[in-house]
Amino acid sequence: MGRLLSRIICISRSRASRSRSVSPPNGCSPFRNPGGLSRVWGSGLSRAPWFLSGARTFSSGTGSGRESIEYDVVIVGAGPAGLSAAIRLKQLCRERDLDLSVCVVEKGAEVGAHILSGNVFEPRALNELLPDWRNEEAPVDVPVLSDKFWYLTKDRTFALPCPFNNRGNYVISLSQLTRWMGVKAEELGVEIYPGFAAGEVLYDSNDNVVGVGTNDMGISKDGSKKETFQHGVELKGKLTLLAEGCRGSLSEKIISKYNLRGKVQAQHQTYALGIKEVWEIDESKHEPGAVLHTLGWPLDHKTYGGSFVYHMKDRQVSIGLVIALNYQNPYLNPYEEFQKFKHHPAIKSLLEGGTVIQYGARTLNEGGFQSIPYPVFPGGAIVGCSAGFLNVPKIKGTHTAMKSGMLAAEAAFSVLSEGSSMVVYYDFLRKSWIWEELKKARNYRPAFEFGLLPGLAISGLEHYIFKGRLPFTLKHGKPDHKATNVAKLHTPIEYPRADGILSFDVPTSLHRSNTNHEHDQPAHLQLRDPTIPELVNLPEYAGPESRYCPARVYEYVPDENGVLKLQINAQNCLHCKACDIKDPQQNIEWTVPEGGGGPGYSVM
Ligand SMILES: Cc1cc2nc3c(=O)[nH]c(=O)nc-3n(C[C@H](O)[C@H](O)[C@H](O)COP(=O)(O)OP(=O)(O)OC[C@H]3O[C@@H](n4cnc5c(N)ncnc54)[C@H](O)[C@@H]3O)c2cc1C
Ligand code: SF4
């Protein structure tokens, strides 16, 4: 038992040695168990009632060769949702004098390493969760001071009335906020294991979820065991909370297995891809707290999306382009659109003389209210963006992710302490401000199915006049993968060459994302049918995966006979999930690679 625990701690520690921005006080992972085994074995609070077993138990007789650890609650994903759930659970334990064991697994090498966001942060949920955050050095210290909204043409800028109300909000790095939340969670006794990817849901004989299995490590591409081989671990929970963020791989399996959309007649989820850089700019141009959103160029009026430019502190500016993945033209290349965007005269003048510190990409949900699945399954619940709680007109999902995590924690606590049912989580959600907020915003995104100008008109009426009270709910159009047209309906788009000053090629950007995967491991990007790329995607859609992937993971290269074949450079993957969403035939399945791989964001 002790060996297993020390192996986990040891692996966490070595994975987290890639840490760049947060220096842990003891020189090891910020989330290893600083109190030694005493904290891991329990905080000394009184035991839970009869139906709880109390401290977790360990066993190695699972038949799979894997050891297993039992917790009261297992949380997958140390993002804002997962960490809020963990913190709230432990707060309730303190308030009610109970001891529940809570663990969080995180596939990033450290907490925050895979977190990419804007981020203009609405502190509503943080105020509720940790009301004293201002005195506890939370990295939330740049209030929004100005809020602009522009429509861009190729050379010009038109100021529009700003629909955002960011007064009271903050410009932050979400990756840094989650690191801070990780420390808070650990202080309360949560066990966090960065560098561990949950690759499998565990079920009992009645099909109830009973936890997750982490991936085996040290397996080579051909499936053989390397010298470094280590079995994965079974993390068994009385309850399992899935907090994997947008398009969570286990969450999607659960949604489909238990038909969680059908259960509440939810529509399909829709998505966008956000591509982002953090720049350090000239002091004279830097305005901490300045927020800008744009619409229009470089995107055409049929493609929904826009840019954001957020001034953080220390001369840093967060700049990104978000493009809805229901775009039709298979020649569109989101990465190149972003590079082009930076050459707009108004943006160029801001960035000139600056340097890029970091690059990354991540998808976000855009389905909103209509697309929320029933978030409870036998044995647990789905929280945060895995369930799709992002508010599209606000372009914010952090506060709702956090609140949903807190509500799931309250439901889980009542299940474990009073024997109630996890169904109360759904009731809590519907009575909460998340529901009210998302319901009000429900017609905003689908209004843009009619194009940019009608979309602006309808959403403007909804926002300013009806305030979400229109007596109907607009439906989303086709799912993103079905929205791509065949190539013959479009002409190829010529993108300008990167100038190396404002715009960059993919390898240069990838280097800035600190992406790193063990090269010799089984492919985590799996083709359901390996013939589809050459038989369908290339001839019909001109190989769109070679363009929508912001890391150039997919490349068509000639074989020895000069025939183009798909090559998958899985080690470059940024874990954005766009391929899982946009492939026209839904032929690509994104599965978790070995834990600890992927991007290494520190200021995103
Ligand atoms: C470009 C962009 C701009 C945005 N701008 C804003 C903004 O300005 N304001 C705002 O409020 N919101 C913004 N958002 C949305 C915001 O980032 C999300 O709503 C929020 O991060 C959701 O939190 P989450 O905890 O649900 O998921 P995430 O933040 O995605 O966290 C999920 C975590 O789970 C881990 N994980 C996933 N699967 C597994 C697994 N199987 N095993 C182990 N670990 C796993 C991931 O590595 C990650 O650390 C933006 C998003 C993007 C992409
Ligand atoms: S392979 Fe898929 S998940 Fe990875 S970066 Fe490319 S599109 Fe994103």
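Rules of the game
Residues numbered from 1 in each chain as written. Chains lettered and ligands numbered in written order. Predicted model: local features only at pLDDT ≥ 70, side-chain atom pairs only at ≥ 80, totals over all residues. Heavy atoms only, no water. Helix = DSSP H or I, 4+ residues; strand = E, 2+ residues; numbered from the N terminus. Buried < 20%, exposed > 50% of the residue type's maximum accessible area, 1.4 Å probe, protein only. Contact = heavy atoms within 4.5 Å. Areas by Shrake-Rupley, 256 points an atom, 1.4 Å probe, with all protein chains shown as cover. Core = buried A, V, L, I, M, F, W, Y, C linked by side-chain atoms within 4.5 Å. Pairing = 2+ DSSP bridges. Near = heavy atom within 4 Å. Polar contact = N/O pair within 3.5 Å; in protein donor to acceptor, adjacent residues only side chain to side chain. 1 Å grid on protein atoms, 1.4 Å probe; cavity = no way out; pocket = protein on both sides within 12 Å on 5 of 7 lines; lining within 4 Å. Sits in = over half its atoms within 2 Å of the grid points. Nonpolar A, V, L, I, M, F, W, Y, C, P; charged D, E, K, R; others polar. Axes fitted to C-alpha atoms, helices over the stretch in contact; angles between N-to-C directions. Arc of directions from axis to C-beta. Phe/Tyr/Trp six-rings, centres within 6.5 Å; stacked < 30°, edge-to-face > 60°. Lys NZ or Arg CZ within 6 Å of the ring centre and 35° of its normal. Points joined across faces, edges and corners; volume = space filled by probe spheres on them.

1. Things to note about the overall build of the protein
- Check the secondary structure of the protein and you find 18 helices and 24 strands.
- The buried share of the protein, taken over its 604 residues, is 61%.
- Across the protein, contacts joining residues at least 24 apart in sequence account for 77% of those joining residues at least 6 apart.
- Only carbon and sulfur atoms are counted for the fraction: they give 52% of the accessible area of the protein, which is about 23,500 Å².

2. A word on the environment of Leu525
- Assignment of secondary structure puts Leu525 in strand S21 (residues 525-527).
- Counting along the chain gives 44 residues from Leu525 to Asn569, while the straight-line C-alpha distance between them is 9.4 Å.
- Every residue in contact with Leu525, bar those within four places of it in the chain, is listed here: Val553, Tyr554, Ile568, Ala570, Cys579, Glu589 and Trp590.

3. A closer look at the nonpolar core
- Within the largest apolar cluster, 88 residues are counted, with the highest numbers of intra-cluster contacts made by Ile75, Val140, Leu235, Ile254, Phe389, Met422 and Tyr425.
- Counting residues per element, this core draws most heavily on helix H9 (residues 398-418), which supplies 11 residues.
- When sequence neighbours within four positions are dropped, the list of residues in contact with Tyr425 reads Pro375, Val376, Ala381, Ile382, Val383, Phe389, Ser404, Leu407, Ala408 and Ala411.
- Among the nonpolar cores identified, the runner-up in size contains 78 residues, and Leu116, Ile347, Val392 and Ala570 belong to it.

4. Considerations on the pairing of strand S12 (residues 225-230)
- In this structure, strand S11 (residues 217-219) lies alongside S12, joined through two bridges in antiparallel fashion. By the bridge assignment for S12, Ile219 is matched with Lys225.
- The turn linking S11 back onto S12 is made up of five residues, and Gly223 within it adopts a positive phi angle of 95 degrees.

5. Notes on the site of ligand 1
- What surrounds ligand 1 is a group of 37 residues, the closest being Glu106, Ser117, Val120, Cys385 and Thr398.
- At 3.2 Å from an oxygen atom of ligand 1 is found a main-chain nitrogen or oxygen belonging to Pro80.
- Residue Gly397 places a main-chain N or O atom 3.0 Å away from a nitrogen atom belonging to ligand 1.
- When the free accessible area of ligand 1 is taken as 1,000 Å², the share hidden by the protein chains comes to 97%.
- More than half of the atoms belonging to ligand 1 lie within 2 Å of the grid points that define the largest cavity.
- Taken together, the elements giving at least two residues each to the shell around ligand 1 come down to helix H3 (80-96), strand S3 (102-106), strand S18 (355-365) and H9.
- Per element, the largest residue contribution to the shell around ligand 1 is three residues, and it comes from S18.
- Grouping the amino acids of the shell around ligand 1 by side-chain chemistry returns 20 nonpolar, 12 polar and five charged.

6. So, the sheet that holds strand S5 (residues 146-152)
- Across the sheet, seven strands lie side by side as S6-S5-S15-S16-S17-S14-S18; this open sheet has mixed pairing. Among the strands making up the open sheet, the edge pair consists of strand S6 (157-159) and S18. Each neighbouring strand pair of the sheet contributes to a mean axis angle of 20 degrees, computed without reference to strand direction.
- Across three bridges, S5 lies against S6 in antiparallel orientation. When the sheet's bridge partners are listed, Tyr151 is paired in S6 with Phe158.

7. Some details on the pairing of strand S17 (residues 316-324)
- Within S17, nine of the nine residues are buried, which leaves the element mostly enclosed by the surrounding structure.
- What you see with S17 is no split at all: Gln316, Ser318, Gly320, Val322 and Ala324 on one side and Val317, Ile319, Leu321 and Ile323 on the other are buried throughout.
- Note that strand S16 (residues 305-311) and S17 share seven bridges and pair antiparallel. Bridge assignment links Val309 to a residue of S17, and that residue is Ile319.
- Hairpin geometry of S16 and S17 is characterised by an intervening segment of four residues between the two adjacent antiparallel strands and by a positive phi of about 50 degrees at Asp314.

8. With respect to helix H10 (residues 424-431)
- Of the residues making up H10, those classed as buried are Tyr425, Tyr426 and Leu429. Projected down its long axis, H10 carries its buried residues within an arc of 100 degrees, all on one side.
- Buried residues in H10 make contact with strand S19 (376-377), strand S20 (380-382), H9 and helix H11 (433-440).

9. Comments concerning the packing of aromatic side chains
- Applying the stated rule across the entire model yields 12 aromatic pairs.
- Aromatic side chains Phe369 and Trp435 sit 5.3 Å apart centroid to centroid with 70 degrees between the ring planes, which places their arrangement in the edge-to-face category. You can see Phe369 sitting in the loop between S18 and S19 and its partner Trp435 sitting in helix H11, a full 66 residues away along the chain.
- Exposure remark for Trp435: the relative accessible area of 14% places this residue in the buried category.
- Taking 5.9 Å as the distance between ring centres and 85 degrees as the angle between the ring planes, the aromatic pair formed by Tyr426 and Trp435 counts as edge-to-face.
- One aromatic cluster is present, built from ring pairs that chain together Phe369, Tyr374, Tyr426 and Trp435.
- For the cation-ring pair, Lys225 lies above Phe229, with the distance from its terminal atom to the ring centre recorded as 4.7 Å.

10. Details of the site of ligand 2
- Every one of the 14 residues lining ligand 2 counts as a neighbour, but Cys549, Cys573, Cys576, Lys577 and Cys579 are closest to it.
- Of the pockets mapped on this structure, ligand 2 occupies the second largest cavity.

11. Describing empty space enclosed by the protein
- In the structure shown here, the tally under the stated rule is five cavities of 30 Å³ or more.
- For the largest cavity, the calculated volume is near 830 Å³.
- Where the lining of the largest cavity is concerned, the elements lending two or more residues are H3, S3, strand S14 (271-280), S16, S18 and H9.
- Of the residues assigned to the lining of the largest cavity, the class counts are 27 nonpolar, 13 polar and seven charged.
- The computed volume of the second largest cavity comes to approximately 100 Å³.
- Lining the second largest cavity are 14 residues, and of these Cys549, Cys573, Leu574, Cys576 and Cys579 sit closest to its centre.

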